[in-house]
Amino acid sequence: MQYGYFDLEHKEYVITRPDTPAPWANYLGSPEYGAIVSNNGGGYSFVKSGANGRIIRYRFNSNIGLPGRYIYIRDNDAKDYWSCTWQPVGKPLDQYKTECHHGTAYTTIKSDYADIHSELTYYVPLNKTYEVWRTKITNNSDRYRNLSTFGFVEFTNENNYEQDQVNLQYTLFITRTSFEGNKIVQHINENSGKDENGSNWRERFFGVVGAPVSAYNGNLDSFIGSYRTYGNPVAVERGFCDNKLNYNSNACGALQSDIILAPGETKEIIYVVGQKNPKVADEILAAYNEPGKVDAEVKELIAYWHGQLNNFQIETPSDEFNNMVNVWNAYQCFITFIWSRAASFIYCGLRNGYGYRDTVQDIQGIIHINPELAAEKIRFMISAQITAADFHLLSSTTRQAMKLARTRTMRTLSTLRKQVTHAIEQTMLSGSSQQLISISVRAETRRSSMRLSYTQTAARIQFTSILRELSTSQWKDLVLIQCQQVFMLTGTTASDLARRVSQHSLHSSSTMQ
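Notes on the structure in this doc start here. (Residues numbered from 1 in each chain as written. Predicted model: local features only at pLDDT ≥ 70, side-chain atom pairs only at ≥ 80, totals over all residues. Heavy atoms only, no water.)

### Structural notes on the overall build of the protein chain
Short version of the rule: In this text, helices come from DSSP runs of H or I with a minimum length of four residues, and strands from runs of E with a minimum of two, each type numbered from the N-terminal end. Burial here depends on accessible area, computed with a 1.4 Å probe over protein chains only, as a share of the maximum for the residue type. Under 20% is buried, over 50% is exposed, and the range in between is partly exposed. Two residues form a contact once any of their heavy atoms are found within 4.5 Å.
For the protein chain, the helix and strand inventory stands at 14 helices and 20 strands. Sorting the 513 residues of the protein chain into buried and exposed places 55% on the buried side. Here the contacts in the protein chain between residues at least 6 apart in sequence split such that 65% fall between residues at least 24 apart.

### Some details on the nonpolar core
Rule in force here: In this text, buried Ala, Val, Leu, Ile, Met, Phe, Trp, Tyr and Cys residues form a nonpolar core when linked through side-chain atoms within 4.5 Å.
The biggest cluster of nonpolar side chains holds 87 residues, and the ones touching the most others in it are Trp-133, Val-272 and Tyr-288. It is helix α7 (residues 319-339) that contributes the most residues to this core, 10 residues altogether. Contact partners of Val-272, with chain neighbours within four places excluded, come to Tyr-130, Glu-131, Val-132, Phe-205, Phe-206, Gly-207, Ile-284, Leu-285 and Tyr-288. If you look at the next biggest cluster of nonpolar residues, it comprises 16 residues, including Tyr-72, Tyr-81, Ala-215 and Ala-254.

### Digging into the pattern of salt bridges
To be explicit about the condition: Between Lys or Arg on one side and Asp or Glu on the other, a salt bridge is scored when a side-chain nitrogen of the former is within 4 Å of a carboxyl oxygen of the latter.
If you walk through the whole model with that rule in mind, you get 17 salt bridges. Lys-48 is the partner of Glu-32 in a salt bridge, and the nearest nitrogen-oxygen pair spans 3.8 Å. Of this pair, Glu-32 sits in the loop between β3 (25-29) and β4 (33-38) while Lys-48 is found in the loop between β5 (43-47) and β6 (70-75), placing the two residues 16 residues apart along the sequence. Looking at Glu-32, the relative accessible area reads 30%, which means it is partly exposed. Here Lys-48 falls in the partly exposed class, since its relative accessible area comes to 30%. The partner of Glu-190 in a salt bridge is Arg-176, and the shortest N-O contact between them spans 2.5 Å. Of the two residues, Glu-190 sits in the loop between β14 (183-188) and β15 (204-209) while Arg-176 sits in strand β13 (residues 175-180), which places them 14 residues apart along the sequence. Of the residues examined, Arg-176 reaches a relative accessible area of 23% and is grouped as partly exposed. Residues participating in the shared-partner salt-bridge network are Arg-57, Arg-59, Glu-154 and Asp-164.

### Describing helix α9 (residues 371-382)
Defined as follows: Helix span, as expected, comes to 1.5 Å for every residue beyond the first.
The terminal C-alpha atoms of α9 lie 16 Å apart, and with 12 residues this matches the ideal 16 Å at 1.5 Å per residue to within 8%. By the burial criterion, the buried members of α9 are Pro-371, Ala-374, Ala-375, Lys-377, Ile-378, Phe-380, Met-381 and Ile-382.

### Describing unusual backbone geometry
Outside of glycine, negative phi angles account for most residues, and trans bonds account for most peptide bonds. Cis geometry is found at the peptide bond from Gln-87 to Pro-88, where omega equals 20°. Of note, Pro-88 is situated in the loop between β7 (80-83) and β8 (97-102). Phi angles above zero are rare outside glycine, and Ala-105 is one such case at about 75°. Structurally, the position occupied by Ala-105 is in the loop between β8 and β9 (106-113). Ala-105 sits in the buried class, given a relative accessible area of 1%.

### So, helix α5 (residues 278-287)
Threshold: This arc is taken over the directions from the axis of the helix to the C-beta atoms.
Of the positions making up α5, those classed as buried are Pro-278, Ala-281, Ile-284 and Leu-285. The arc that holds the buried residues of α5, viewed along the axis, is 120°, so those residues lie on one side. Contact partners of the buried residues in α5: β11 (130-139), β13, β14, β15 and β18 (266-274).

### Overview of the pairing of strand β1 (residues 4-7)
This is how it is decided: Strand pairing is assigned whenever DSSP detects at least two bridges linking the two strands.
Bridge analysis of β1 against strand β2 (residues 12-15) gives 4 bridges, and the strand direction is antiparallel. Within β2, the position partnered with Tyr-5 by the bridge is Val-14. Turn length for the β1-β2 hairpin, with the two strands adjacent in sequence and antiparallel, is 4 residues, and the turn residue Lys-11 shows positive phi of about 55°.

### What to know about the packing of helix α6 (residues 293-309) against α7
What counts is decided by this rule: To get an axis, a line is fitted to the C-alpha atoms, and for a helix only the part in contact is used. The angle between two axes follows their N-to-C directions and goes from 0 to 180 degrees. Between 65 and 115 degrees an angle is taken as roughly perpendicular, under 35 as roughly parallel, over 145 as roughly antiparallel, and anywhere else as oblique. Ten residues, namely Ala, Val, Leu, Ile, Met, Phe, Trp, Tyr, Cys and Pro, are considered nonpolar, four, namely Asp, Glu, Lys and Arg, are considered charged, and the remaining ones, Gly among them, are considered polar.
Running from N to C, α6 and α7 cross one another at 105°; their axes reach a closest spacing of 10 Å. One element, α6, and the other, α7, form an angle in the roughly perpendicular class. Judged by residue contacts, Trp-305, Gln-308 and Leu-309 of α6 engage Asn-326, Val-327, Ala-330, Tyr-331, Phe-334 and Ile-338 from α7. Residue composition of the contact of α6 with α7, by class: 7 nonpolar, 2 polar and no charged.

### Focus on the environment of Gln-87
The residue Gln-87 is located in the loop between β7 and β8 in this model. Overall, the relative accessible area of 15% leaves Gln-87 in the buried class. Along the primary structure Gln-87 and Gly-65 are separated by 22 residues, whereas in three dimensions their C-alpha atoms are 8.9 Å apart. If near-sequence neighbours (up to four positions away) are discounted, Gln-87 is found in contact with Asn-40, Ile-64 and Tyr-70.

### Focus on the environment of Gly-264
Considering the arrangement of structural elements, one finds Gly-264 in the loop between β17 (251-261) and β18. Exposure remark for Gly-264: the relative accessible area of 54% places this residue in the exposed category. With 124 residues separating them in the primary sequence, Gly-264 and Asn-140 have C-alpha atoms 5.4 Å apart.

### A word on the side chain of Arg-145
Note the threshold: Two N or O atoms count as a polar contact when they lie within 3.5 Å, although within protein this holds only if one can serve as hydrogen donor and the other as acceptor, and sequence-adjacent residues are included solely when both atoms are side-chain atoms.
Looking at the secondary structure, you find Arg-145 in strand β12 (residues 145-153). Reaching out from Arg-145, the side chain makes a polar contact with the side chain of Ser-141 at a distance of 3.4 Å. Leave out the neighbours within four places in its chain, and Arg-145 touches Asp-75, Ala-114, Asp-115, Ile-116, Asn-139, Ile-259, Ile-260 and Leu-261.

Written out as structure tokens, the structure is:
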């Protein structure tokens, strides 16, 4: 059964059937703010760490994938309602038509029901630490339509994912919400750690631009109702939120806007989610009053990611193979490189840190596309090396070594060494290898006391490969360093190594002449 197709021109995967066997996800954001969204709007978000920065709830191991980022639409005359994504309401597919376009760091879902067209785009603006949902609602009928929209998000009560899910005797008693202007603000442990402005910087917000707020909810139970689900929330079914906020218990953000659309009219409504205090949230929301801002930010995202992917392109007789290598495999490698495999719909995000070996391995996937970014991550990983084979683990939240956490594996060291070597080879072409050479020497010096199990045979095979590079004399010093890496622990002295390199250089020169 076919659920979609690859759009090669736009570098998108288009899902034409929403009832996929499992939630099909896209990745949005950066190391500072990550978001995962499914083809039906399910997913979660986090600041820096999927373990210690979770701000939106998600329940794993479900083929439905709930909850998520939902926008409900209600026809107040017909007393009918649906969602801009097929789920969670789940209207019959012979009446509800939808397409999901998973692109590079954005997802757009286009839906039609009851002569109302919606186009919903999720994205995290480039270099920003919040997310945007922009919906455009169009009246395709020949009469005026009296509609209400309900933007909804279920907040976690604690940034630590495990505490939020398990330690309920704590997390159900530390949060409250407030309605401030055009946004719901969630406060967590608000009497602890305040700065001079009264903020502990743990506040989250859910705001709307483009339509006035007619009603709201900050209490999850008040919006969903007793013995109901995300598919039939009582507030949407009856047609209004009751303005109840939470004090302890479970928080949410729900914002209702009432709109009337003339035939052919389109209304743009923008929702923004993030972990910011109210003052910063107001500044962010105000910026989206500027016409065309969302389109400009999405265009910027596409230009950035397509520019990254275009750094390495192949062309073969197979469009399918070209597409996987040029777009989706490369994009996936970027995401695992950025998040260190710490968050997905399979891995729930419990690890607060960079798995050392895995992260070093992930560098390999993007060296050929962005060697400078790879070099930066190598520097970051080496910063946690202590002595010999010991490494501190690195925190996703602080981006620093966790002094009490250590790892020791030979595979880690051998993997790091290979990535440094590969990075130098790649940056030779871009002219920025000098810092990596320094890193290489420092890394090898730090582990000089180690007794690795490299065999003489393997070392000499690599030495032979390196010597072949000496036909370009400007890289002699660089190759000498690489040879030192290979032979440092095999008993070859520096003078002997230099003599052999020099002899090979002369031999290469005479051969070329």
